Amino acid sequence: MKHLIHVALLATLPLTAACTAAAQAKPSASQAEVAKIYDRLLPQIDKIPIYDNHSHATFPDDSDMDAQAAPPDESSVLRLRDTNPEFVAAAKSLFDYPYDDFSPEHARWLIDKKKAAEASGNTAYWDSILDKLNIETCLANRVALASYLDPKRFHWVFFVDSFLFPFNNRDVSSKNGDLGVYIPLQEKVLQRYEKQKSISGIPADLAAYESFVRQTVIDNQKKGGVAMKFEAAYFRSLYFSDPPREKAEAIYTKYHSGGVPSDDEYRIFQDYIFRVLIDQAGKLNLPVHFHSAVGIGDYFSLRNGNPLNLENVIRDPRYKNVAFVLIHGGYPYTLEMIWLTAAKNVYTDSSLVGYYVYPSELKNILKQWISLYPEKIMFGSDAFPFNDAVGAEETFWLAARSARTAVAQALAELVSENAITESKALELARMYLHDNASKLYGDKK
Ligand SMILES: [Zn+2]
């Protein structure tokens, strides 16, 4: 019915408005036509300053780069293996790297250069990397702020998963080798937060624990935090039930000073504290980031990490004021993801997926997203150091180059198919690369 009303309205519109799309969209166009449009769009897209929704800008030996570490054994995707020649291209472009491979003696040249930048201790180095890639602003996921990152360019996203693990974690950690690495690191982050609030060990009752959780979030926001981040998909299902407070309180009372909770007890407690965090995010107007895609490690559960698990939370009217940012595009569930963003307060980004797949495939994903909810998608680099030679610098380059070329191709196709005009294409590119994120985080520009 609604469609009929719209069509009727359209008929009464002045001719100029009705004629902006001059012809009906068609399913394909000639490759030569697309290439011509691409060549016109790309130089203009290169000029758009990027707002990077997700990165780990860091030197490789800085343990604050993430709240977790690489699992003991991981199978890297083809593009991220050391043999990818694109990393050499990145080093050449950023540093005039004089070699064509990363043999140990050649890689030394690059490592020495980065060590010297780290030793200098000032913020000019990372600013210069952003400048070379025309990245204006960048969210930095870190356990704590780093003195070598310029707070004007790098905005802090802090981790909150540790609040879900306050009890004896013996059983969780021993489930598999990956959790054996991850969970002790969560315990460390929680201890760090305790130190920050000058307490040793967790409080004696749930009310005091909740207040510790809420106050820590307030403190982190005051220190410059622009969003909180859950990496929960690495530890458990993204499905969070809605248990009554009394249940969580009974579990807290039973285990706060010792004893190992059962899987069910721990999950119920976590589901409750998770909702305290979401509620606090709403009160503080603080966006909430989720790792929502495949993850590294041999034990990552695709089923548990599927962002559809979050549907009951992101569609809950109690949280309609919370901005949910489901990062990594839900990959491989990118189509489900764009439909999750149909809710006004849900966003996604192309971090991680943008360097897992090649630009030809990223183009397909972006074309689909742009065709549906273009105001809800953001660029993210997930820049991360892979080793001492290939660092966050090279992955910033790989992600930025991939996204600019992929979005140019996606838009060129849409223009050639008569779906949009070239000026609309540039507007959509600006939304994806910069404006949507800048609007979400309230940057005055
Ligand atoms: Zn990341």
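In this report, we go over the structure that sits alongside the text. (Residues numbered from 1 in each chain as written. Predicted model: local features only at pLDDT ≥ 70, side-chain atom pairs only at ≥ 80, totals over all residues. Heavy atoms only, no water.)

### A word on the coordination of the zinc ion
For a metal bound by four donors in tetrahedral geometry, the ideal donor-metal-donor angle is 109.5 degrees, whereas six donors in octahedral geometry ideally sit at 90 or 180 degrees. Counted only if it meets this: Coordinating donors are taken as N, O and S atoms within 2.8 Å of the metal, stretched to 3.2 Å for Na, K and Ca; because water is absent from the atoms, sites can appear incomplete. Accessible area is worked out with a 1.4 Å probe on protein chains only. A residue is then buried under 20% of its type maximum, exposed over 50%, and partly exposed in between.
Protein ligation of the zinc ion involves His54 (NE2), His56 (NE2) and Asp382 (OD), the donor distances falling in the range 2.0 to 2.2 Å. Exposure remark for histidine 54: the relative accessible area of 1% places this residue in the buried category.

### A few points about helix H4 (residues 85–95)
The cut-off we apply is this: Comment: elements are numbered from the N terminus, with helices defined as DSSP H or I runs of at least four residues and strands as E runs of at least two. Arc definition: directions from the helix axis to the C-beta atoms. The contact criterion used throughout is that any non-hydrogen atoms of two residues lie within 4.5 Å.
Along H4, the residues classified as buried are Phe87, Val88, Ala90, Ala91, Leu94 and Phe95. Along H4, the residues classed as buried sweep out an arc of 155° about the axis, all on the same side. Along its buried surface, H4 packs onto helix H5 (104–120), helix H6 (124–132) and helix H17 (392–416). Count one or two residues on from H4 and you reach aspartate 96, which has phi positive near 55°.

### Thoughts on the nonpolar core
Threshold: As used in this record, nonpolar core signifies buried Ala, Val, Leu, Ile, Met, Phe, Trp, Tyr and Cys residues forming a set joined through side-chain atoms within 4.5 Å.
Counting residues in each nonpolar core, the largest one holds 75 residues, and the members touching the most others are Ile45, Phe102, Trp126, Phe396 and Leu411. Counting residues per element, this core draws most heavily on H17, which supplies 14 residues. With sequence-adjacent residues up to four places away left out, phenylalanine 102 is seen in contact with Asp82, Phe87, Val88, Ala91, Tyr97, Ala107, Leu110 and Val390.

### Points about unusual backbone geometry
For the bond from tyrosine 331 to proline 332, the omega torsion is 5°, close enough to zero to count as cis. Within the element layout of this structure, proline 332 appears in the loop between strand S6 (324–327) and helix H14 (334–340). With a phi close to 55°, aspartate 96 is a non-glycine residue in the positive phi region. Mapped onto the elements of the fold, aspartate 96 is located in the loop between H4 and H5. Judged by relative accessible area, which is 62%, aspartate 96 ranks as exposed. Even without a glycine there, the phi angle at asparagine 134 is positive, about 55°. Residue placement: asparagine 134 occurs in the loop between H6 and strand S2 (135–141).

### Description of the sheet that holds S2
Cut-off, in case you're wondering: Two strands qualify as a pair provided DSSP detects at least 2 bridges between them. Fitted lines through C-alpha atoms give the axes, limited to the stretch in contact for helices. The angle between two N-to-C directions lies from 0 to 180 degrees.
What the 8 strands build is an open sheet, ordered S1-S2-S3-S4-S5-S6-S7-S8; its pairing is parallel. Each having just a single partner strand, strand S1 (50–55) and strand S8 (377–378) make up the two edges of the open sheet. Bridge count between S6 and strand S7 (residues 346–349): 3 bridges; the pairing is parallel. Directly across from valine 325, in S7, lies its bridge partner tyrosine 347. Each of strand S3 (154–159) and strand S4 (225–230) touches helix H9 (residues 206–222); the most contacted strand, S3, lies at about 170° to it.

### Here we look at helix H3 (residues 31–46)
Applied cut-off: To estimate how far a helix should extend, the number of its residues minus one is multiplied by 1.5 Å.
Spanning 16 residues, H3 covers 22 Å between terminal C-alpha atoms, matching the ideal 22 Å at 1.5 Å per step. Structurally, H3 contributes buried residues whose contacts are with H17 and helix H18 (422–440).

### Some words on the environment of arginine 315
Using the following cut-off: As used in this structure description, the phrase polar contact means that two N or O atoms lie within 3.5 Å; if the pair is within protein, one of them must be able to donate a hydrogen and the other to accept it, and residues adjacent in sequence are counted only when both atoms belong to side chains.
Within the secondary structure, arginine 315 sits in the loop between helix H13 (311–314) and S6. Given a relative accessible area of 38%, arginine 315 falls into the partly exposed group. In the structure, arginine 315 is positioned 18 residues away from tyrosine 333 in sequence and 18 Å away in space, judged by C-alpha atoms. Those residues within four positions of arginine 315 in sequence are excluded, and the remaining contacts are Trp339, Leu340 and Ala343. A distance of 3.4 Å separates a polar atom in the side chain of arginine 315 from the backbone oxygen of tryptophan 339. At 3.0 Å, the side chain of arginine 315 and the backbone oxygen of leucine 340 are in polar contact.

### Here we look at the packing of H9 against helix H10 (residues 245–255)
Here is the rule we go by: Throughout this description, any angle smaller than 35 degrees is read as roughly parallel, any larger than 145 degrees as roughly antiparallel, any in the 65 to 115 degree range as roughly perpendicular, and the remainder as oblique. Any residue that is not Ala, Val, Leu, Ile, Met, Phe, Trp, Tyr, Cys, Pro, Asp, Glu, Lys or Arg is counted as polar, Gly included; the first ten are nonpolar and the last four charged.
Here H9 crosses H10 at 100°, and the two axes come no closer than 9 Å. With respect to their mutual orientation, H9 and H10 come out roughly perpendicular. Across the interface between the two elements, Leu206, Ala207, Tyr209 and Glu210 of H9 pack against Arg245, Ala248, Glu249 and Tyr252 of H10. A breakdown of the residues in the contact of H9 with H10 according to their chemical character gives 5 nonpolar, no polar and 3 charged.

### A few points about the pattern of salt bridges
Cut-off, in case you're wondering: Any Lys or Arg side-chain nitrogen located within 4 Å of an Asp or Glu carboxyl oxygen qualifies as a salt bridge.
All told, the structure shown has 31 salt bridges when counted by the stated rule. As a salt-bridge pair, lysine 114 and glutamate 393 come within 3.5 Å of each other at their nearest N and O atoms. Residue lysine 114 is found in helix H5, and its partner glutamate 393 is found in helix H17; the two are separated by 279 residues along the sequence. Note on accessibility: lysine 114 and glutamate 393 belong to one class, buried. In this structure, glutamate 417 engages lysine 367 in a salt bridge whose closest nitrogen and oxygen atoms are separated by 2.8 Å. Remark: lysine 367 occurs in helix H16 (residues 359–372) and glutamate 417 occurs in the loop between H17 and H18; sequence separation between them is 50 residues. Lysine 367 sits in the buried class, given a relative accessible area of 18%. Salt bridges here are not isolated pairs; linked through shared partners, they connect Arg236, Asp264, Arg267 and Asp271.

### Considerations on the environment of aspartate 279
Note on placement: aspartate 279 falls in helix H11 (residues 263–284). Classification of aspartate 279 as partly exposed rests on a relative accessible area of 27%. A sequence separation of 123 residues divides aspartate 279 from tryptophan 156, and the C-alpha atoms of the two residues are 20 Å apart. In this structure the side chain of aspartate 279 is engaged in a polar contact, spanning 2.9 Å, whose partner is the side chain of arginine 214.

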